[in-house]
Amino acid sequence: MVCDKKDRSENKPSVSTKRTVESLEVEEPKPTDDELNVNGLIDESDSDDEDEDEDEFQSAEEGIVSSKFQDLDESVADGGSDSDADSDAEFNKLLAVDEGDEAELEYDSTDFSDDTSSLRDKLSGFKSKTILTDDSNVIETKFSDGKPRIIKPEINPVYDSDDTDGEAQNTIGNIPLSAYDEMPHIGYDINGKRIMRPAKGSALDALLDSIELPEGWTGLLDKNSGASLNLTDEELKFIAKIQNNEQTDDSINPYEPLVDWFTRHEEIMPVTAIPEPKRRFIPSTSEAKRIMKIVKAIREGRIIPPKKLKEMREKEDAENHNYDLWENSETTNDHIMNLRAPKLPPPTNEESYNPPEEYLLTPEEREEWEKLDPSERERSFIPQKFGSLRKVPGYTESVRERFERSLDLYLAPRVRKNKLNIDPESLIPELPSPKDLRPFPIRCSTVYQGHTGKIRALSIDPNGLWLATGSDDGTVRIWEILTGREVYKVTIIDISENKEDHIDAIEWNPEKSIGLLAVAAAENIYLIVPPIFGFEIENNSRLKVENGFGFDTFGNTKKANLNVNSDDEEDDSAGDSKTSAVNKQVAQWNKATQKQIENDIAIVITCRKIVKKLSWHRKGDYFVTVQPESGHTSVLIHQLSKHLTQSPFKKSKGIIMDTKFHPFKPQLFVCSQRYVRIYDLSQQVLVKKLLPGARWLSTIDIHPRGDNLIASSFDKRVLWHDLDLSSTPYKTLRYHEKAVRSVAFHKKLPLFCSAADDGTIHVFHATVYDDMMKNPLLVPLKKLTGHQLVNSLGVLNTVWHPREAWLFSSGADNTARLWTT
Amino acid sequence: MRVKKKNSSGNARNFITRSQAVRKLQISLADFRRLCIFKGIYPREPRNKKKANKGSTAPTTFYYYKDIQYLLHEPVLAKFREHKTFAKKLTRALGRGEVSSAKKLEENKTSYKLDHIIRERYPSFPDALRDIDDALNMLFLFANLPATDQVSSRVTKDAQKICNQWLAFVARERLLRKVFVSIKGVYYQANVRGEEIRWLVPFKFPENIPSDVDFRIMLTFLEFYCTLTHFVLFKLYTDNGIVYPPRLDMKKDKIIGCLSAYILESSEGAPIDGPKSNTVETQEVKTLDKRTLRSAMKADTNDNTEEQETDQAENVDDAKLDAFEDKNKNQGDLLEQPSQYNSPTATLFSGMIFYVSREVPIDILEFLILSCGGTVVSEAAMDQLDSVEDFDLSRVTHQIVDRPVLKNKVANRTYIQPQWVFDSINKGEFVPANLYMPGESLPPHLSPWGDAVGYDPTTEDAVEGEEEEEKTLDEDSEENEVEEEADDDSEDDEDLKAQKELELEAQGINYSKAKEENSLGEGTKVKVKKRKSEEEEEKDLKLIMMSNKQRKLYKKMKYSNEKKDEKIENLKKKKKQIAKTKSKLERLEQ
């Protein structure tokens, strides 16, 4: 029975809310009876179903309680429909209010309390009514149309089954209760009437509850009904038992006395009286047979016992080792990749137990040895001397030394290295002795003193008698070479006015019949006829210069056919004339002023930028100048006979450092910072471009036979180019310690020299053979020292005597020197 | 055109880094190391490291690709792998507590042989002899090491055995050529089949074992060297008609240790006279062994001392008697000897009997004397005997002593310090024994292989001009050093001059003439100097014409030569200084 009730109870979870109503009527005698009934029921259920849990108890109780309530309700219904209708109406009204309320504020506790209070009023009223109508049993009312209506009390059928018990009040079935959360009711009863939500603990209820805690009060809320959940003492005990993992059933005794089924005591007396068999007392024949079999096998050698086997094996191993491994071997040559480990070097005297005393270390050496890291030490031990053999102690490092050797053997990479066991002197090239290559300058014989600034330029006249020097003090002086007497002096630049200007280049006209000196000072080129040669030569010189005035174009430079366009020949012919017409005059040939004439200046050529280098053509009519700053017009070719200046290039070729004419061919050598270009002037093409490989070339000079060239560079190198060979140097010589300023070939003798900022001049012998297959022979002859260093500048310029093996040099120490044999 | 793949030829193909090699062989690094040691595979230095490393410049070790390829097929490698699985099985069995199965596994453990590797590495016997230096060095070191937890006693015992076999062979065949006692031990050099073999035997002192030495590597090497030396010894012994392995005379082994305990028998059966008198009949030896062993067992209880003594005395007498017979035989051989031994050192001590005092290390001297044809009687061995009187010591020619004072000198003997033996062997003839008397300060012991920088400490200063210069220099330095002895100095100078005069006279040059020469020399000196400077200048100029590479090489060579010269100069200077102070001390003593 009870089980059924429980099944149902899920369908009417709201019933318990009504129980609160019930609980309100605690003062009346009826409910006490009910409670008693309930208690009995619980006891019954206890005894019947042991495995029911707390919830079930709860629901069972609720079911019972609600059934009572239903009874009561029914009785109410019996009591009168009037009040019923009233209450319905009231409920509806309430519903509306509730709904409105709910829209605004959900479950206001005060609201609820109001509701419940009104409900209670109703109920109390209603109750009194039912009590009234109970007596008559038949209620006579009227229908709405006024007809009399008799409502007879409902027949209360008495069924044995619980189905009709009215327990299944809420008929919502499996629909979760939460679906009614927003409604005032929680379902419908069997008659389709709403089951109203029981009032939840209002403030007053709570107060009442707090004042007098009902029996079994837990403070918990029943999930299903929403009412507070009360538990009885038994229930609580039951729960406590479950919590403590105790038996809930009192009938089971966990400590039953042990019955020792399988005894541990051995019985002394035999269980049976059967006597011991004989076979227990005699050795087994079958076993004996088997053993004999094994023994036989061992004797016959079919089975070898493990100990013997081991011995045999060892013996075999030992014997296996004793044979000639190299019985029939033949010597084989080592493969080239097979490198034998080098043997350890033999011990030296130092290692002796009794070395000569000089091998012992002095205290300083010893200290030094100790200071060094063990890996850096030259030897791993300190030499020691012991008076006799008995005093020699053990060596502590033997194990480590052997260990390191083994590490070397398997870890160190091996390389085949050819040990050069030669005399270092044999590396020095075989060269002819300088003594056999005389004459060459050896010593300084004359010092030309007088200048007050460093001498940047010097030149020897073609007859080899007069040396002209141009210095930073603004003067040009001419010396008699052998005596060192100053014969002539002219001031070209007034250094008090133009401090920045220098005399950068000076060169005698190579024609022997005239004495004309070209001086490049700042932007101007002065052609001077010094009055030292006598009238005839001076007159010739002046005439030579003045003849050119007839050809003067007075500004309208005719385009010369000298233009060389090497790189781009397409736009050569077309663009040439136009561009040249547009071109401004590159240089101005001016007659000397009166003052200049007094200074023996024949003519002045004014260029646009500072002239740094000047070089005559061998015939003495042309000379070429270098103005490094003036872009594409940095190389200018001047013609003395026509007073004409031409710029051979249309495009800049970089910063030009030097230019020279070929000794006999119509070729021009142009030296830029990195390259030397050779142009053919007659065909106007680039013949060759040399790549010396230096960063910054300073000067070049061309061998008198025209097929070799030397270049000096500021990065300490002197480069010999064989023009017949490749464009890279035949020989790069690096012996100067500082920038090389000047190189020069002798015109007649196989000599050349180089001068550098380290104050030295190196003289070389250079034979160039007619045989094309033979390389030129270069022999260093002499290192000339004498010039002092001033502001880390040494020798600035050198020039050879035209015939003799004499060398002139000028330095930053304001002197020029003559070096003779 | 076909595009050539990168890193498929040349250095990139020929060399392989170590990690690549290990991965290729699929073994652990430790196994790889062992394999490399066994197979003699070593890292290489490629010409172009960057190319070999496929463009990377990280520092790595390279192996030759073909070497690694060649390792792939190595049977020992397979054995290593087997051993790995064995180790796994064993640990598993032990972990499960299955002792019997572990034992079974242990019994059936695989072992590898190195025979084929030795044959591969040294295809011919001379190849093996060429590389035996390192093997001997290692073996002699381990023979002297105590057995520790890292080095088992079996290993050291094996090493000892092989070492003694080697020494016995060298001594018997009289192959020893040079000996050098250094502070590290004794270096010996023997000529075996035309191959000069040099090895170092450390002094018999407890070795200092550094903690940071990896003995696994050393032991791997030792394993290989043991096998190699074993085969080499076998070949040497059998080729010379001696039974290998030689038997050990247990009794003698007990008494004095090493060499004389080895019995070298000819393969014909009859024992050959060894360098020492080891000619005891084999059977006798066997019985003796047993007896001595037994006696040794009983020695502690002191029960049978008498018996033992008599036994020993008899035996030793036998031995000694035999020895003398042998000597006679040798004398008979004397005529043959030049053909038999092609070195003067081999017969240097023939016919001589050395009595070695107990303070002298017998192992060194016994080996040396035996291998030079002498006979040894050691005091230490005599101590073991009771009846010394029976022993005939009258024929002893030399007694080797290393103590400052010696009493009870015997008339017929030459008393010498051990260094006399070393220096005589190195020189190939007897050095004057009076320099090596006991208690005498010894002349320096020089290495027979000379000096590292080519300095010869035995030469006197020959060039007189040099001497003069140095003299002035020395005077200067002296003045700086000792100002207090100023008057002494002047005396010194006079003395020196007088000395000089005397010396010159002895050389047959008139002193006055010499003086003139000197003065003339000073005049010419300037010229010489000038000439020298000119020559130097010329050389400097010639250097200009050298290529950069040549010039660098030249400078390097020059530098090293100069350093060598500097060292020699330094030594010379020190020598002079020492001589000076010595002479001064002597004078002060007078």
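The residue numbers shown here count from 1 along each chain, following its written sequence. Here chains are named by letter from A upward and ligands by number from 1 upward, in the order in which they appear as written. Restriction of local features to residues with pLDDT of at least 70 applies here, the model being predicted, together with a cutoff of 80 or more for giving and counting side-chain atom pairs; totals for whole chains, interfaces and linings are based on all residues. Hydrogens and water molecules were not included; the side-chain quantities draw on all heavy atoms of the structure.

Looking at an unreviewed UniProt entry, chain B carries the name Pescadillo homolog, with the source organism given as Eremothecium cymbalariae. If you open the UniProt record of chain B and go to Function (unreviewed entry), you find "Component of the NOP7 complex, which is required for maturation of the 25S and 5.8S ribosomal RNAs and formation of the 60S ribosome." UniProt positions are given in the numbering used here, feature names are shortened, and annotations may be inferred rather than shown by experiment. One UniProt comment on chain B, placed under Subunit (unreviewed entry), says "Component of the NOP7 complex, composed of ERB1, NOP7 and YTM1. Within the NOP7 complex ERB1 appears to interact directly with NOP7 and YTM1. The NOP7 complex also associates with the 66S pre-ribosome."

An unreviewed UniProt entry annotates chain A as Ribosome biogenesis protein ERB1 of Eremothecium cymbalariae. Quoted verbatim from the Subunit (unreviewed entry) field of UniProt, the annotation for chain A is "Component of the NOP7 complex, composed of ERB1, NOP7 and YTM1. Within the NOP7 complex ERB1 appears to interact directly with NOP7 and YTM1. The NOP7 complex also associates with the 66S pre-ribosome." As its UniProt record puts it under Function (unreviewed entry), chain A is described as follows: "Component of the NOP7 complex, which is required for maturation of the 25S and 5.8S ribosomal RNAs and formation of the 60S ribosome."

**Quick notes on the interface of chain B and chain A**
Should any heavy atoms of two residues lie within 4.5 Å, those residues are counted as being in contact. Contact with chain B, which involves 105 residues of that partner, is made by 91 residues of chain A. By buried area we mean the combined loss of accessible area, with a 1.4 Å probe, across both parts when two parts are placed together. Here chain B and chain A share an interface that buries about 8800 Å² over both sides, 60% of which is from carbon and sulfur atoms. Area buried by chain B at its contact with chain A is led by Ile183, Lys184 and Met545 of chain B, which between them contribute 10% of it. When a carboxyl oxygen of Asp or Glu lies within 4 Å of a side-chain nitrogen of Lys or Arg, that pair is called a salt bridge. Remark: the boundary between chain B and chain A carries 15 salt bridges. Each polar contact in these results corresponds to two N or O atoms within 3.5 Å; when the atoms are within protein, one needs to be able to donate a hydrogen and the other to accept it, and residues that are neighboring in sequence are counted only if both atoms are side-chain atoms. Between chain B and chain A we count 40 residue pairs in polar contact (both at pLDDT 80 or more) in total. Numbering of helices and strands runs from the N terminus; a helix is a DSSP stretch of H or I covering at least four residues, while a strand is a stretch of E covering at least two. The element contributing the most residues to the side of chain B that touches chain A is helix α23 (residues 548-589) of chain B, with 15 residues.

**Looking at the packing of helix α11 (residues 153-173) of chain B against helix α12 (residues 215-239) of chain B**
Residue and element names in this part refer to chain B. Inter-axis angles, ranging from 0 to 180 degrees, are taken between N-to-C directions of lines fitted to C-alpha atoms, where helices are fitted over the stretch in contact. Put simply, α11 and α12 touch, their axes get as near as 10 Å, and they point 30 degrees apart. In the crossing of α11 with α12, the sense of the turn from one axis to the other is left-handed. Counting all contacts with α11, which are made through Val155, Ile162, Gln165, Trp166, Ala168 and Phe169, the residues of α12 involved are Leu219, Leu222, Cys226, Thr229, Leu233, Leu236 and Tyr237. Crossings are sorted by hand: turned counterclockwise from the far helix by less than a right angle, the near helix makes the crossing left-handed, and turned clockwise it makes it right-handed.

**Things to note about the nonpolar core**
By convention a nonpolar core is built from buried Ala, Val, Leu, Ile, Met, Phe, Trp, Tyr and Cys residues, the set being connected through side-chain atoms within 4.5 Å. Each residue is placed in one exposure class: buried if its accessible area under a 1.4 Å probe, protein chains only, is under 20% of its type's maximum, exposed if it is over 50%, and partly exposed if it falls in between. In terms of nonpolar packing, the biggest core is built from 116 residues, with Trp166 and Trp199 of chain B touching the most fellow members. Residue contributions to this core peak at 15 residues, all from α12 of chain B. Among all residues touching Trp166 of chain B, those that are not within four sequence positions of it are Leu136, Phe140, Val192, Ile197, Trp199, Leu233 and Leu236 of chain B. Core analysis: the next-biggest nonpolar cluster, separate from the first, contains 34 residues, Phe440, Leu778 and Val795 of chain A together with Met545 of chain B among them.

**Some details on the pattern of salt bridges**
Counted according to the given criterion, the structure contains 48 salt bridges over all chains. Notably, a salt bridge pairs Lys539 of chain B with Glu425 of chain A, separated by 3.3 Å at the nearest N-O pair. With Lys539 of chain B in helix α22 (residues 511-544) and Glu425 of chain A in the loop between α12 (398-411) and β7 (443-449), this pair bridges two chains. According to the relative accessible area criterion, Glu425 of chain A is partly exposed, its value standing at 29%. Several salt bridges converge on common partners, so that one network encompasses Asp324 of chain A together with Arg193, Lys235 and Asp239 of chain B.

**Observations regarding the environment of Ala21 of chain B**
All names here are of chain B. Along the chain, Ala21 turns up in helix α2 (residues 18-25). Once the C-alpha coordinates of Ala21 and Tyr63 are considered, the two residues, 42 residues apart in sequence, prove to be 7.8 Å apart. Beyond its immediate chain neighbours, meaning those up to four positions away, Ala21 contacts Ile16, Phe32 and Ile68.

**Describing the sheet that holds β7 of chain A**
Residues and elements named next belong to chain A. By definition, two strands form a pair when at least two bridges between them are found by DSSP. The strand order across the open sheet formed by four strands is β7-β35-β34-β33, and the pairing between neighbours is antiparallel. At either margin of the open sheet sits one strand with a lone partner, and together these are β7 and β33 (795-800). Pairwise comparison of adjacent strand axes, ignoring direction, gives a mean angle of 25 degrees for this sheet. Pairing analysis gives five bridges linking β33 to strand β34 (residues 807-811), with the strands arranged antiparallel. Opposite Asn797, over in β34, you have Ser810 as the bridge partner.

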